[in-house]
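Structural features, examined
Each chain, written out:
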Amino acid sequence: MSIWEALAIFAAGIGAGTINTIVGSGTLFTFPVLLAVGLPPITANVSNTLGLVSGNISGAIGYRRELRGQRRRILRFGLTALIGGLAGAILLLALPSRAFDTIVPALIGLALVLVVLQPRLARALARRRERNGTTDAPTDGGVALLLGLLLASAYGGYFGAAQGVLYLSLMGLLLRDDLQRVNALKNVLVLAVVVNGVAALFFLFVADFDWTAVLLIAAGSTLGGQLGARIGRRLPPTALRGVIVVVGVVAIVQMLLKH
């Protein structure tokens, strides 16, 4: 690995850590860079998952103020996310490499669609809250939310691009609570500890990965996690979505050109 490739991975880690804290979809930054430097898709995915753990924890710590009073939710939803994340990690290694190469472009495409549609989901959420009244107490989301979290966590353990968007959509629509508090909960359950954490622990013992890439992404994403917590409430969402879409399209093109 050349010095320029190392710098590119480190920079992608900063971008991924920042975006993961604010919205999610940081994998759309790091994954195409790892492919570009020559790592096989599954090795790149595993290395990416391991490298992003420290940055995700960093971002969750940055949002700790919004986590107050959510301990019960963290415990309840955390178990669901743990099961789903482990199932997705096992699925990644159980399926043949060719299946992964075929599925990932479709997953990235779905992730990009979710990123683009996020403003409409936010407006739908706002209209629902207006109908229900702003004084309504937060709910636990019921069985529908638990099932949605389970499926989203399995997807996150398998690949993870736009996983944060999935969680924000689910919890934003099914929990009547402030969106910043929902985002903080997302950072803990999905990005920080549970899904990526359990997948990373599983991969550490049974999968191939590149230690240099892992350490570069870890260093960059830790810095990015703190940056994301600082600027998350200020960054124009349209600009952020535009960057994610461009990087995601590049990733799809790169994978399709390999076949």
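So, here's what we can say about the structure.

A count of helices and strands for the protein chain gives 11 helices and 0 strands. Taking all 259 residues of the protein chain together, the buried fraction comes to 51%. Contacts spanning at least 24 positions in sequence make up 84% of the contacts within the protein chain whose residues lie at least 6 apart. Per element, the accessible surface of the protein chain, about 11700 Å² overall, is 68% carbon and sulfur.

Tallied over the entire structure, the rule returns 1 salt bridge. The salt bridge involving R65 is made with E66; its shortest N-O contact spans 3.3 Å. The exposure class assigned to E66 is buried, which follows from its relative accessible area of 9%.

What follows deals with the side chain of T27. When you line up the elements, T27 lands in helix α2 (residues 27-36). Within the structure, the side chain of T27 is placed 3.3 Å from the side chain of N48, a separation counted as a polar contact.

Residues L93, L204, F205, V206, W211 and L215 make up a contiguous nonpolar surface patch of roughly 640 Å² in combined accessible area. Looking at the nonpolar patch element by element, the count peaks at 3 residues for helix α9 (residues 195-206).

Next up on the list: helix α7 (residues 163-174). With 12 residues, α7 should reach 16 Å at 1.5 Å per residue; the first-to-last C-alpha distance of 17 Å fits that figure. Those residues of α7 lying buried are Q163, G164, V165, Y167, L168, S169, M171 and G172.

What follows covers the nonpolar core. Counting 31 residues, the largest nonpolar core has I9, F31, L34, A44, V46, I108 and F159 as the members making the most contacts within it. The set of elements that each furnish at least two residues to this core consists of α1 (3-22), α2, α3 (41-62), α5 (97-132), α6 (142-158), α10 (211-231) and α11 (237-257). Each residue touching I9, except ones within four places of it in the same chain, is listed here: M1, V33, L34, V37, A213, L216 and I217. Counting residues in hydrophobic clusters, the runner-up holds 17 residues, among them L145, Y167, V182 and L185.

Our focus in this paragraph is α3. Given a rise of 1.5 Å per residue, 22 residues ought to cover 32 Å, and the 31 Å separating the end C-alpha atoms of α3 matches this to within 8%. The axis of α3 is deflected most strongly, by about 35 degrees, at V53.

With that out of the way, let us pick up the packing of aromatic side chains. Tallying each qualifying case throughout the model produces 1 aromatic pair. Ring geometry for F209 versus W211: centroids 5.0 Å apart, planes at 80 degrees, classification edge-to-face.

Attention now moves to a positive patch on the surface. The grouping of R120, R123, R127 and R131 at the surface amounts to a positive patch. Looking at where R131 falls in the secondary structure, it is placed in helix α5. For R131, a relative accessible area of 65% puts it in the exposed group.

Once that is clear, we can look at the packing of α1 against α2. Where α1 contacts α2, the two axes come as close as 7 Å, and the packing angle between them is 160 degrees. Classified by the interaxial angle, the pair formed by α1 and α2 is roughly antiparallel. Here α1 runs over α2; the crossing is left-handed. In this structure, α1 contributes A8, I9, A12, G13, G15, A16, I19 and N20 to the contact, and α2 contributes T27, F29, T30, V33 and L34. Across the contact of α1 with α2, the residue classes tally to 8 nonpolar, 5 polar and no charged.

About the cut-offs
- Residues numbered from 1 in each chain as written.
- Predicted model: local features only at pLDDT ≥ 70, side-chain atom pairs only at ≥ 80, totals over all residues.
- Heavy atoms only, no water.
- Helix = DSSP H or I, 4+ residues; strand = E, 2+ residues; numbered from the N terminus.
- Buried < 20%, exposed > 50% of the residue type's maximum accessible area, 1.4 Å probe, protein only.
- Contact = heavy atoms within 4.5 Å.
- Areas by Shrake-Rupley, 256 points an atom, 1.4 Å probe, with all protein chains shown as cover.
- Salt bridge = Lys/Arg side-chain N within 4 Å of Asp/Glu carboxyl O.
- Polar contact = N/O pair within 3.5 Å; in protein donor to acceptor, adjacent residues only side chain to side chain.
- Patch = residues over 30% accessible without salt bridge, like charges linked within 9 Å, V, L, I, M, F, W, Y side chains within 5 Å.
- Expected span 1.5 Å × (residues − 1).
- Core = buried A, V, L, I, M, F, W, Y, C linked by side-chain atoms within 4.5 Å.
- Bend = angle between axes of the 7 residues up to and from the residue.
- Phe/Tyr/Trp six-rings, centres within 6.5 Å; stacked < 30°, edge-to-face > 60°.
- Lys, Arg positive; Asp, Glu negative; His and termini not counted.
- Charge placed at Lys NZ, Arg CZ, Asp CG, Glu CD.
- Axes fitted to C-alpha atoms, helices over the stretch in contact; angles between N-to-C directions.
- Parallel < 35°, antiparallel > 145°, perpendicular 65-115°, else oblique.
- Left-handed = near helix turned anticlockwise from the far one by under 90°.
- Nonpolar A, V, L, I, M, F, W, Y, C, P; charged D, E, K, R; others polar.

These figures capture arrangement, not role.
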